[in-house]
Amino acid sequence: MLKQILSKLPRKSSDSSDTPRTPRSSSQRSSPRSSSTSASGTGFSRSNGGASASGRPNATKKTSSAVFPASLVAGIEPLVPFKDVPSSEKTNLFVSKLSLCCVTFDFTDPSKNSIEKGVKRQTLIELVDFVGAGTLKFNEPAIHALCKMCAVNLFRVFPPNYRANMIVGGGGGENDDDEPTFDPAWPHLQLVYDLLLKFIHSSCVDAKVAKKYMDHSFILKLLELFDSEDPRERECLKTILHRVYGKFMVHRPFIRKSINNIIYRFISETERHNGIAELLEIFGSIISGFALPLKEEHKIFLWRVLIPLHKPKSVGAYFQQLSYCITQFVEKEPKLASVVVKGLLKYWPITNSQKEVMFLGELEEILEAVNMVEFQKVMVPLFWRVGCCINSCHFQVAERSLFLWNNDHIVNLIAHNRHVILPIVLPALERNAQSHWNQAVVNLTHNVRKIFMEMDDDLFVSCHAHFKEQEAKEISAANKRKQVWEQLENAASNVQPMAGKTAVLVTPLASSIAC
């Protein structure tokens, strides 16, 4: 049986030892033609692309390789270069090289299988250059073989993360400043990603054929890899998934739905995922290509996915991409602005000052694109919240909220609705001017008061008089409460304490209340 396997290897082998072989002279090497013929005789030109050397599927399942059985993994030899075979044999050689690269190694130990790892790396480089050249029209077996090789090398289960129960990202945790984890196998993984990217982008690949192998299962496995802790891998995945979305139109609804499901789980269950920022970046480019009017599916994505993404504590890790996606929606359909503002107010981070600063920045971007009708729908609750931010003890929150009046478009919206907005925010402005501890905030407060006075001096005077009147009433009510408490304290101090075993009458009503 071993002789039968050896006879079908792409190159002649003198023995089946696991030790590295010494280089052979040119006279001992088989000719390019004979090697090509051997590769084509292994059955690689068939549609299975990863069948065993005998042509039977899964005959070498343990090694994930159709060329090198388990007993020969340590003796991997490079195949002949593409330039040494005729064009008619390049497809067979391409499949053989892909099968060689299906052999995987342990990269945690750099000294282990170093020769074989070098052979595989060189083969991957050859494949990347060959696909990038675009000189060959890839048939179905070649497409199948490439998808299988990528699956064997890329699709893997990540080890448990020791930070799994800790907050990751911008939410404030002990390990926020930890360095990212880098995969020791990245030199090989990067080449596989480059090969897959060039293959998808190549005009020599028929999308109708490729979609059968880059199917829903393949796409789901790609999406699972976005949870990788290696930022280099997530960056490659982002580019590849974007190319897949552009090339295979039939898979677009499935891709969107699958990303939605990942984010649903992140929001509702785990609140931990390493690739949310990259997934949102992909969606940012997808949203920019949405046709108008927007489909109901896309609006649901805004309501159920993007807006609730403001809730997790780690929102800082992906806030820039999230804000971009939401701004894209508002620019495409301004009617959605009121929905977005209501969503921001719903998830407003009252106890997290850093998140409040981010929310105020996003709010300004949305208000820059809002029209008068949508603004009027939300201006009352919006400026009630802005007033609370103006009075914040955290100077960055107060400062950022007052910066809204530096935006000409927002000032114009406020000016047209000053009769509603000024009575809401004036008390906050007056309290800041009287008692805020930060001088920069006090100066900004005076600037905003000056803007309102220039808008409508009569209205400002009227609102200021009403504020003084309300302030006097509040002071009077506070004084009355203070007097009542003083009377109660005096009355309590004059009561003699009970001594001995004095009986206390307890009514049935009192006992029932006590229970």
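Whatever comes next refers back to the structure up there.
What you see is a predicted model, and the numbers here were worked out from it, not measured in a lab.

**Q** Explain a nonpolar patch on the surface residue by residue, including any values.
**A** Taken together, Val-484, Trp-485 and Leu-488 make up a surface patch of nonpolar side chains, about 340 Å² in accessible area. Residue position: Trp-485 is located in helix H21 (residues 457-494).

**Q** Before we move on, could you go through the packing of helix H3 (residues 87-100) against helix H4 (residues 114-133) and cite the residues and values that matter?
**A** In contact at an axis separation of 10 Å, H3 and H4 are set at 140 degrees when each is read in the N-to-C sense. The angle between the axes of H3 and H4 places the two elements in the oblique class. Both H3 and H4 take part in a crossing whose hand is left-handed. For the pair H3 and H4, contact is made by Lys-90, Phe-94, Lys-97, Leu-98 and Leu-100 and by Lys-120, Thr-123, Glu-126, Leu-127, Phe-130 and Val-131, respectively. Considered class by class, the residues forming the contact of H3 with H4 number six nonpolar, one polar and four charged.

**Q** Which residues make up helix H8 (residues 216-224), and what values do they have?
**A** Turning to H8, its buried residues number three or more, namely Phe-218, Ile-219, Leu-222 and Leu-223. End-on view of H8: buried residues confined to an arc of 135 degrees, all on one side of the axis. On the buried face of H8, the contacting elements are helix H5 (140-154), helix H6 (186-201), helix H9 (231-247), helix H10 (252-270) and helix H11 (276-288).

**Q** Please provide a residue-by-residue account of the packing of aromatic side chains, values included.
**A** Counted according to the given criterion, the structure contains 17 aromatic pairs. With a centroid separation of 6.2 Å and 80 degrees between ring planes, the pair formed by Phe-395 and Trp-437 is classed as edge-to-face. With a gap of 42 residues between them, Phe-395 in helix H17 (residues 395-402) and Trp-437 in the loop between helix H19 (418-435) and helix H20 (439-455) connect regions that are remote in the sequence. Judged by centre distance (6.1 Å) and plane angle (65 degrees), the rings of Trp-405 and Phe-452 are edge-to-face.

Definitions and cut-offs
- Residues numbered from 1 in each chain as written.
- Predicted model: local features only at pLDDT ≥ 70, side-chain atom pairs only at ≥ 80, totals over all residues.
- Heavy atoms only, no water.
- Patch = residues over 30% accessible without salt bridge, like charges linked within 9 Å, V, L, I, M, F, W, Y side chains within 5 Å.
- Areas by Shrake-Rupley, 256 points an atom, 1.4 Å probe, with all protein chains shown as cover.
- Salt bridge = Lys/Arg side-chain N within 4 Å of Asp/Glu carboxyl O.
- Helix = DSSP H or I, 4+ residues; strand = E, 2+ residues; numbered from the N terminus.
- Axes fitted to C-alpha atoms, helices over the stretch in contact; angles between N-to-C directions.
- Parallel < 35°, antiparallel > 145°, perpendicular 65-115°, else oblique.
- Left-handed = near helix turned anticlockwise from the far one by under 90°.
- Contact = heavy atoms within 4.5 Å.
- Nonpolar A, V, L, I, M, F, W, Y, C, P; charged D, E, K, R; others polar.
- Buried < 20%, exposed > 50% of the residue type's maximum accessible area, 1.4 Å probe, protein only.
- Arc of directions from axis to C-beta.
- Phe/Tyr/Trp six-rings, centres within 6.5 Å; stacked < 30°, edge-to-face > 60°.

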